[in-house]
Amino acid sequence: MPPLSPIKAPQRHGTRPLSDDQTTHFGYQTVREDEKAERVRGVFTSVASRYDVMNDVMSGGVHRLWKDAMMDWLAPRRGQRLLDVAGGTGDVSFRFLKRAGEGHATVCDLTESMLVEGRKRAEAERLEDSLDWVVGDAMALPFPDNSFDVYTISFGIRNVTRPQKALDEAYRVLRPGGRLMVLEFSQIPNELMQKAYDLYSFNVIPAMGQMIAGDRDSYQYLVESIRRFPNQDTFLEMLRQAGFGQAKYRNLTMGVACLHSGWKL
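None of the values given here were measured: they were computed from a predicted structure.

A. Quick look at the overall build of the protein. For the protein, the helix and strand inventory stands at nine helices and nine strands. Counting over 265 residues, the protein shows a buried share of 54%. In the protein, once contacts between residues fewer than 6 apart in sequence are set aside, the share between residues at least 24 apart is 70%.

Shown next, in the form of structure tokens:
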């Protein structure tokens, strides 16, 4: 098995260095910005081998329906090139390729161990010739301008130190006429239902992480990161700020998750 493609400097990114006195959140903790990426990498390295199993257990398999809904709205076309950022084990890329019939997907993720697990799946499903696996940062993508027809990021943008910078990079690497789709956990508009969901999230999911993956802390972080993420309308404005036109969203399962869509016009 050849090595994964390493992180490479993109042709243009404009990212200023993160200084020690800049802070961000890591779940409910406040950390230096330059620490967050390494902490996120540690979380997903810890859970990589059980990540797909845990997704099924935590969501009762509903995450598969959400990803199918993403493909329904996206409607992949033959010959398109996809960049799947924070693509981990390749769930979205596999769906995209099967829907398109013919195309190419590049899975880019900060955590090499997640990509290793995904490449094993690709070989098992005989899709390896249609996929590239690249270790890279959503805020400084190692790809030229105007390279892809579609950009997706699923349950990953909340883990990025600066989500707005990730959206700016998405706009940069998309070709004119290209499409962005973001699938992320979100906020239930009904306050009582949100409280009930929070009770489940904070009390059940970390316990499941301990029982199934032997890792309570990583799943505690994942729950906290969901609650810290902007709501649907705030995130919609972030898409528009990055330059995306026809920006819209659709709630899934009453707002437990949400799909945002935008176009590089």
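B. Representation of the packing of helix H3 (residues 62-74) against helix H4 (residues 91-100). Interhelical geometry of H3 versus H4 gives an angle of 45 degrees and a closest axis separation of 10 Å. Here H4 runs oblique to H3, going by the angle between their axes. Pair H3 / H4 crosses with right-handed handedness. In this structure, H3 uses His63, Arg64, Lys67, Asp68, Met70, Met71, Asp72 and Leu74 to contact H4, whose residues at the interface are Asp91, Val92, Arg95, Phe96 and Arg99. When its residues are assigned to classes, the contact of H3 with H4 shows five nonpolar, one polar and seven charged.

C. A look at the pattern of salt bridges. For the structure shown, the criterion picks out 15 salt bridges. As a salt-bridge pair, arginine 158 and glutamate 184 come within 2.7 Å of each other at their nearest N and O atoms. Of this pair, arginine 158 sits in the loop between strand E6 (148-154) and helix H6 (163-173) while glutamate 184 is found in strand E7 (residues 174-185), placing the two residues 26 residues apart along the sequence. Between glutamate 237 and arginine 240 there is a salt bridge, with the nearest N and O atoms lying 2.6 Å from each other. Residue glutamate 237 and its partner arginine 240 are both found in helix H9 (residues 232-241); the two are separated by three residues, about one turn of the helix.

D. The arrangement of helix H5 (residues 112-124) in detail. Between its terminal C-alpha atoms H5 stretches 19 Å, which fits the 18 Å expected from 13 residues at 1.5 Å a residue. Trailing H5 by a residue or two, arginine 126 shows a phi angle of about 60 degrees, which is positive.

E. Broad picture of the environment of glycine 245. Tracing the chain through its elements places glycine 245 in strand E8 (residues 245-252). The sequence separation of glycine 245 and glycine 177 amounts to 68 residues, and the corresponding C-alpha distance is 10.0 Å. With residues up to four places along the chain from it excluded, the contact list for glycine 245 reads Gly262, Trp263 and Leu265.

F. Structural detail: the packing of aromatic side chains. Evaluated as defined, the whole model comprises eight aromatic pairs. Here tryptophan 66 and phenylalanine 155 contribute two aromatic rings whose centre-to-centre distance is 6.0 Å and whose plane-to-plane angle is 50 degrees, an arrangement assigned as tilted. Separated by 89 residues along the polypeptide, tryptophan 66 in helix H3 and phenylalanine 155 in the loop between E6 and H6 bring together distant segments of the chain. Since its relative accessible area comes to 6%, tryptophan 66 is described here as buried. Considering the side-chain rings of phenylalanine 155 and phenylalanine 185, the 4.6 Å spacing of their centres and the 35 degrees angle between planes classify their relative orientation as tilted. Pair noted here: phenylalanine 155 is in the loop between E6 and H6 and phenylalanine 185 is in strand E7, with a separation of 30 residues, a long-range link. The pair phenylalanine 155 / phenylalanine 185 is uniform in exposure class, with both members buried.

G. The arrangement of the environment of glycine 177 in detail. By secondary structure assignment, the location of glycine 177 is in strand E7. Separated by 28 residues in sequence, glycine 177 and aspartate 149 have C-alpha atoms that sit 7.5 Å apart.

H. Fine view of the sheet that holds strand E3 (residues 81-85). Sheet architecture is open: seven strands sit in the order E5-E4-E3-E6-E7-E9-E8, paired in mixed fashion. Strands with a single pairing partner mark the edges of an open sheet, and in this sheet they are strand E5 (131-135) and E8. Neighbour-to-neighbour, the strand axes of this sheet turn through a mean angle of 15 degrees, independent of strand direction. As defined by bridge partners, E3 adjoins strand E4 (residues 104-109) across five bridges and the pair is classed as parallel. Paired with leucine 82 across the two strands is alanine 105, which belongs to E4. Against the sheet, H3 touches E6, E7, E8 and strand E9 (257-263), its axis set at about 155 degrees to E7. Those strands touched by H5 are E4 and E5, and its axis lies near 170 degrees from that of E5.

The rules behind the values
Residues numbered from 1 in each chain as written. Predicted model: local features only at pLDDT ≥ 70, side-chain atom pairs only at ≥ 80, totals over all residues. Heavy atoms only, no water. Helix = DSSP H or I, 4+ residues; strand = E, 2+ residues; numbered from the N terminus. Buried < 20%, exposed > 50% of the residue type's maximum accessible area, 1.4 Å probe, protein only. Contact = heavy atoms within 4.5 Å. Axes fitted to C-alpha atoms, helices over the stretch in contact; angles between N-to-C directions. Parallel < 35°, antiparallel > 145°, perpendicular 65-115°, else oblique. Left-handed = near helix turned anticlockwise from the far one by under 90°. Nonpolar A, V, L, I, M, F, W, Y, C, P; charged D, E, K, R; others polar. Salt bridge = Lys/Arg side-chain N within 4 Å of Asp/Glu carboxyl O. Expected span 1.5 Å × (residues − 1). Phe/Tyr/Trp six-rings, centres within 6.5 Å; stacked < 30°, edge-to-face > 60°. Pairing = 2+ DSSP bridges.

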